[in-house]
Each structure stands twice: as C-alpha cells, then as structure tokens.
There are 2 protein chains.
Amino acid sequence: MLSFTEENYLKAIFKISEKEKKSASTNSLAKHLETTPASVTDMLKRLSEKELIHYERYRGVTLTTEGNRIATSLIRRHRLWEVFLVDKLRFDWEHVHDLAEELEHIYSEELISRLDAFLNYPKFDPHGDPIPNAEGRFTIRNQMPLSELSTGQTGQVLGVKEHSNAFLRYLNQIRVKPGTTIKIEERIDFDASLRIQVDNREHCTISYPVAQALMVKKI
Amino acid sequence: MLSFTEENYLKAIFKISEKEKKSASTNSLAKHLETTPASVTDMLKRLSEKELIHYERYRGVTLTTEGNRIATSLIRRHRLWEVFLVDKLRFDWEHVHDLAEELEHIYSEELISRLDAFLNYPKFDPHGDPIPNAEGRFTIRNQMPLSELSTGQTGQVLGVKEHSNAFLRYLNQIRVKPGTTIKIEERIDFDASLRIQVDNREHCTISYPVAQALMVKKI
DNA sequence: AATTAATTTTAGATTAACTTAAAAAATATT
DNA sequence: AATATTTTTTAAGTTAATCTAAAATTAATT
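Rules used in this analysis
Residues numbered from 1 in each chain as written. Chains lettered and ligands numbered in written order. Predicted model: local features only at pLDDT ≥ 70, side-chain atom pairs only at ≥ 80, totals over all residues. Heavy atoms only, no water. Least-squares fit on C-alpha atoms with pLDDT ≥ 70 in both. Contact = heavy atoms within 4.5 Å. Near = heavy atom within 4 Å. Polar contact = N/O pair within 3.5 Å; in protein donor to acceptor, adjacent residues only side chain to side chain. Helix = DSSP H or I, 4+ residues; strand = E, 2+ residues; numbered from the N terminus. Buried area = accessible area lost by both parts, 1.4 Å probe. Salt bridge = Lys/Arg side-chain N within 4 Å of Asp/Glu carboxyl O. Phe/Tyr/Trp six-rings, centres within 6.5 Å; stacked < 30°, edge-to-face > 60°. Buried < 20%, exposed > 50% of the residue type's maximum accessible area, 1.4 Å probe, protein only. Core = buried A, V, L, I, M, F, W, Y, C linked by side-chain atoms within 4.5 Å. Pairing = 2+ DSSP bridges. Axes fitted to C-alpha atoms, helices over the stretch in contact; angles between N-to-C directions.

**A short note on the relation of the copies chain A and chain B**
The transform that puts chain A on chain B rotates by 180° and translates by 0.0 Å along the axis, for an RMSD of 0.1 Å. Seen this way, the second copy is the image of the first under a two-fold rotation axis. By C-alpha distance to the rotation axis, the residue of chain A lying nearest is Leu103(A), at 3.7 Å. Interface overlap between copies is the fraction of interface residues in one copy that are interface residues in the other; for chain A against chain B it reaches 100%, indicating a shared surface.

Printed below as a string of structure tokens:
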C-alpha cells in the first residue's frame with residue numbers, strides 16, 4: 001500500500017514525462033509538487049527501492065511498468081470522480097479538481113468499477129481528457145487546437161488544454177464548454193486573435209493563447 | 001486542519017462516551033482504535049492542546065463543544081457516503097463501512113451539502129442510524145429491540161445495533177433489512193430464542209442476541 | 001578548457017505518529 | 001489499611017516525510 005505522497009509522485013512523474021516527452025527532472029518534480037528538490041531526491045530513492053521508477057542519480061526518472069500502472073489507475077480514478085462531481089453533484093468544472101485530487105486516493109477496485117458503471121462508462125472527463133479504462137487504455141480522438149482552423153471553418157469543442165480556474169471561468173463567461181461549436185469568422189493580423197461565433201449565436205473575440213488551449217474537431 | 005488520525009480519535013471519543021454514557025478511558029480508546037494506551041496518551045495531549053477535548057491525567061476524556069462539532073460532522077459525512085454507496089452504487093450494506101471510513105475524511109462543506117441534496121436529504125443511513133443534519137442535530141425515533149415485543153406482536157425493522165459483517169450477512173440470509181416487518185410467533189423458554197415470521201412470508205428462528213440487535217417500531 | 005551557473009544530492013534536523021518497557025497512579029481485593 | 005491488580009503515563013526510541021544549508025555534479029558560457 002502506497003502513501004498519498006508516493007502516489008502523488010507517481011502521478012507527477014507520469015504527467016511531466018507525458019508533457020515533455022522525456023524523463024522527469026528533480027527540479028520539475030519539486031515545482032510540480034510544490035516541495036524542495038531535496039525532498040524529491042529523498043522520495044525518488046524510496047520509489048526506486050520499491051521498483052516503481054527507474055532512477056539514476058543526476059539523470060531524472062521514468063516510471064517502471066508497475067509505476068505506470070499505478071499512475072494510470074490514479075488518473076482513471078481522478079477523472080471518474082470529476083465526472084461524478086460535475087454530472088451528478090452539479091459542481092462547476094472549475095471546482096472539481098481539488099476534490100478529485102483527494103477522492104482518487106481511495107483505493108478499491110470495486111468502488112471504481114461501480115462508480116464507472118453508475119456514470120455509464122464515460123470515456124472523457126468534464127475537461128475533455130480521456131479516462132483510461134480498467135486495463136489502463138486511453139481513448140484517442142482526432143483533435144486540434146482551435147487556433148489551427150482556417151477562417152470560415154467550424155469546430156466542435158472536445159476539451160481544454162489549460163485547467164486553471166481563471167481560464168475555466170472565462171470559458172463559462174463566453175459560454176464555451178465541451179460540445180460547443182465555434183466558427184472562425186476573422187483573424188486579426190496584429191496579435192493573431194480570433195473573432196468567433198459561439199453555437200451559431202453569440203459573437204466574440206478571443207486571444208491566440210485561448211484558441212491554442214481549446215481543442216476541437218473540425219465539422 | 002486535522003489529520004486523519006486526530007479525526008479518528010474524536011470520532012472514537014464521541015462513540016465511546018455515547019455508548020457508555022461517561023468519559024472515554026485511555027484503554028477503551030486504545031482498544032477501539034487498535035493501538036496502544038501509550039499512543040493514546042500521546043494523542044490526547046495533542047488534542048487537549050488544540051482544545052478539542054477536556055483531558056485530565058488518569059481521568060479519561062470528553063469532547064469540547066468544538067470537538068463535538070467535528071465528531072458530529074464526521075458521522076454525518078460517514079453516513080451520507082454509506083447511503084450513496086448502497087443506494088447509488090448498489091453496494092451490499094456489509095461492504096460500505098470501510099469505504100465510508102475513508103470518504104468521511106474529505107472535508108468540504110460544499111461537497112457534503114451537494115451529496116446530501118443528491119441523495120434527497122436522507123435522515124437515516126443503511127443500518128438505520130440517524131444522519132445528523134448540517135447543524136449537527138440527529139433525528140430521534142421511537143424504537144425498541146425486537147426482543148422486547150410480546151408474542152403475537154409485529155414490528156417493522158428500523159435498524160441494527162450491531163454492525164459486524166457476520167451479523168449483516170446473516171440478516172441478508174434471513175431476508176431481514178430496514179423496512180422488513182417481523183411478527184413474533186413463539187418464544188422458546190430454554191434460551192429465549194424467538195420463532196418469527198418475516199414480511200408475512202418466511203418463518204424462522206432467531207437467537208435472543210439477534211433479537212436484541214434488531215431495532216423495530218411496533219405496528 | 002576554464003569558469004560560472006544551474007541542478008541535484010547529501011548531511012543533519014524536525015515533526016507527527018507510533019512503539020516497547022518501565023514507572024506512577026488509581027482501583028480492587030484480601 | 002495494606003497489598004495486588006489494572007490502568008495510565010512517562011521515557012526513550014523508530015519511521016516516513018519533510019525541511020535548510022552545504023557539497024557535489026552537470027550544463028552553459030565565456
């Protein structure tokens with residue numbers, strides 16, 4: 001049985017290696033986990049001892065098969081709980097992360113498989129991130145940043161690549177969420193911002209970084 | 001913010017004082033929490049420091065107003081999660097205690113009030129124990145052990161006073177749960193066991209301790 | 001290549017929660 | 001009341017997870 005802390009390290013290693021497509025460094029882990037590099041080194045030794053990570057001094061870490069299995073299971077639990085909180089308890093999507101962060105540590109195959117069934121085996125969480133199935137497999141979808149659509153094209157929002165409260169609240173404001181359709185009406189040369197139409201109704205202008213964080217499929 | 005351990009101590013003190021109607025002793029706490037008396041003394045000092053308990057060396061402990069508030073909130077959370085697990089996730093009642101024991105430690109007013117609403121403000125958990133409301137008030141019901149009914153009388157099961165897996169599984173077997181009606185058909189003088197009829201259908205014989213653990217209302 | 005800067009690790013301490021063993025206090029028994 | 005028993009506390013030490021500060025290693029820059 002792993003401690004909360006150990007589980008959080010595995011998840012952090014998974015996320016960092018996924019994002020940067022290479023082994024996670026001590027410093028990046030320290031930043032991600034809001035702790036000191038010394039503490040990270042300490043913990044890496046322990047996780048290495050337990051054969052959950054491949055660790056060589058000064059060389060960064062990657063997950064072993066077992067470490068990867070555990071990290072994936074944590075992500076599965078996290079995202080299922082997020083679906084529960086949004087779909088069943090009617091939380092706003094910007095408020096579910098911290099709660100799911102706690103709920104995910106409750107380990108019980110039975111609990112998670114029943115929750116999964118109760119939620120009707122969702123494949124994606126409220127932010128559009130894929131929920132690994134019980135075997136750890138993620139559903140892949142064809143998606144691209146809204147910023148890559150051409151003027152005149154329409155996309156349907158599948159998810160977001162940025163999870164900060166500020167960003168999610170902004171999307172609530174302009175009434176954009178997974179499922180929403182967005183048509184690119186005009187591109188402003190000066191700063192690459194976009195004039196868009198939301199769900200065939202409202203019009204508004206969004207900055208380029210916003211368009212980069214919105215993942216869509218062309219329709 | 002209290003640790004899991006501290007919260008478990010408060011709950012244990014609450015339960016022991018409730019049951020034995022006096023201050024909880026170091027030994028009873030050690031037994032209840034499956035630890036040593038020395039560890040208990042250690043923790044009592046810390047909780048006393050935080051003004052959550054009234055503690056005098058060699059004299060046992062009681063909860064302060066604040067300690068009582070926290071313990072009651074934990075019981076509320078525990079019992080609401082049990083309702084969720086049984087009513088929504090379709091767990092058997094003998095399997096929910098340990099999971100609720102973990103879920104209860106997730107602190108969020110918002111989470112609990114939404115869960116409460118989602119479950120339709122239940123007043124009792126799957127074992128028939130009252131769920132304190134947000135203000136900490138328990139609903140009181142008129143109830144008595146089945147063993148106190150006279151021969152010929154009928155009662156409706158409201159809950160159980162014994163929560164062991166073995167007992168709950170036995171009740172499943174004889175198809176008794178909250179809501180079930182039981183008619184006393186005969187009392188066996190030799191060992192005070194009872195011949196009963198369940199839900200106007202099956203007949204069976206139960207021992208006196210079983211009849212003591214079944215709480216009913218006369219109908 | 002040598003120096004500087006950044007990153008990572010070690011060393012040494014701290015804290016919460018726990019343990020065992022021995023001492024102290026309270027309670028029960030003769 | 002004195003003694004024995006039980007209960008509780010203290011003392012001393014352990015372990016996981018953290019920290020700060022200093023040392024070691026690697027990477028970057030001149």
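Still to come is the rest of the account.
**Considering the protein's contact with DNA strand C**
With respect to spatial proximity, 21 residues lie near DNA strand C, and among them Lys45(A), Tyr55(A), Ser3(B), Ser39(B) and Arg46(B) are the closest. Backbone atoms, meaning sugar plus phosphate, form 78% of the atoms of DNA strand C positioned within 4 Å of the protein. In the model, a phosphate oxygen of DNA strand C is placed 2.9 Å from a nitrogen or oxygen of the Thr41(A) side chain. Tyr58(B) is positioned with one of its side-chain polar atoms (N or O) 3.3 Å from a sugar or linking oxygen of DNA strand C. With five residues, helix α3 (residues 37–49) of chain B is the largest single contributor of residues to the surface near DNA strand C.

**What about the interface of chain A and chain B?**
Chain A puts 18 residues into the contact, and the matching count from chain B is 18 residues. By the criterion of area lost to chain B, the three top residues of chain A are Leu89(A), Ile106(A) and Arg114(A), representing 31% of everything that side buries. Joining chain A to chain B, the criterion identifies zero salt bridges. For the pair chain A and chain B, the number of links is four residue pairs in polar contact (both at pLDDT 80 or more).

**A closer look at the packing of aromatic side chains**
Under the definition given, this model contains ten aromatic pairs over all chains. Aromatic side chains Trp81(A) and Trp81(B) sit 6.3 Å apart centroid to centroid with 80° between the ring planes, which places their arrangement in the edge-to-face category. Of this pair, Trp81(A) sits in helix α4 (residues 65–88) while Trp81(B) sits in helix α4 (residues 65–88), each in a different chain. Note on Trp81(B): relative accessible area 0%, which makes it buried.

**Thoughts on the nonpolar core**
In terms of nonpolar packing, the biggest core is built from 82 residues, with Trp81(A), Ile206(A), Leu214(A) and Phe84(B) touching the most fellow members. In this structure, Ile206(A) is in contact with Leu146(A), Tyr170(A), Ile174(A), Ser193(A), Leu194(A), Ile196(A), Ala211(A) and Leu214(A), ignoring residues within four places of it in sequence. Listed in part, the 23 residues of the second largest apolar core include Phe14(B), Ala30(B), Leu74(B) and Ile75(B).

**Topic: unusual backbone geometry**
A positive phi is found at Asn200(A), a non-glycine position, where the angle reads about 60°. Within the fold, Asn200(A) resides in the loop between β6 (194–198) and β7 (203–206). Phi angles above zero are rare outside glycine, and Arg90(B) is one such case at about 65°. Along the chain, Arg90(B) turns up in the loop between α4 and α5 (97–103).

**So, the sheet that holds strand β6 (residues 194–198) of chain B**
By way of backbone hydrogen bonds, the strands of a sheet pair with one another, either parallel or antiparallel. Residue and element names in this part refer to chain B. Taken in spatial order, the six strands line up as β3-β8-β4-β5-β6-β7 in an open sheet, and their pairing is antiparallel. The outermost strands of the open sheet, each flanked by one partner alone, are β3 (144–145) and β7 (203–206). Across five bridges, the pairing between strand β5 (residues 181–187) and β6 is antiparallel. In the strand pairing of β6, Arg187 is matched with Leu194. Along the sheet, helix α7 (residues 165–173) makes contact with β4 (154–160), β7 and β8 (214–218), crossing β4 at roughly 145°.

**Describing the pairing of β4(B)**
All names here are of chain B. In terms of burial, β4 is largely enclosed, as five of its seven residues are buried. Here β4 pairs with β5 via three bridges, running antiparallel. Paired with Gly155 across the bridge in β5 is Ile182. For β4 and β8, the ladder comprises five bridges, and the chain directions are antiparallel. In the sheet register, Gln156 faces β8, and the bridge partner there is Lys217.

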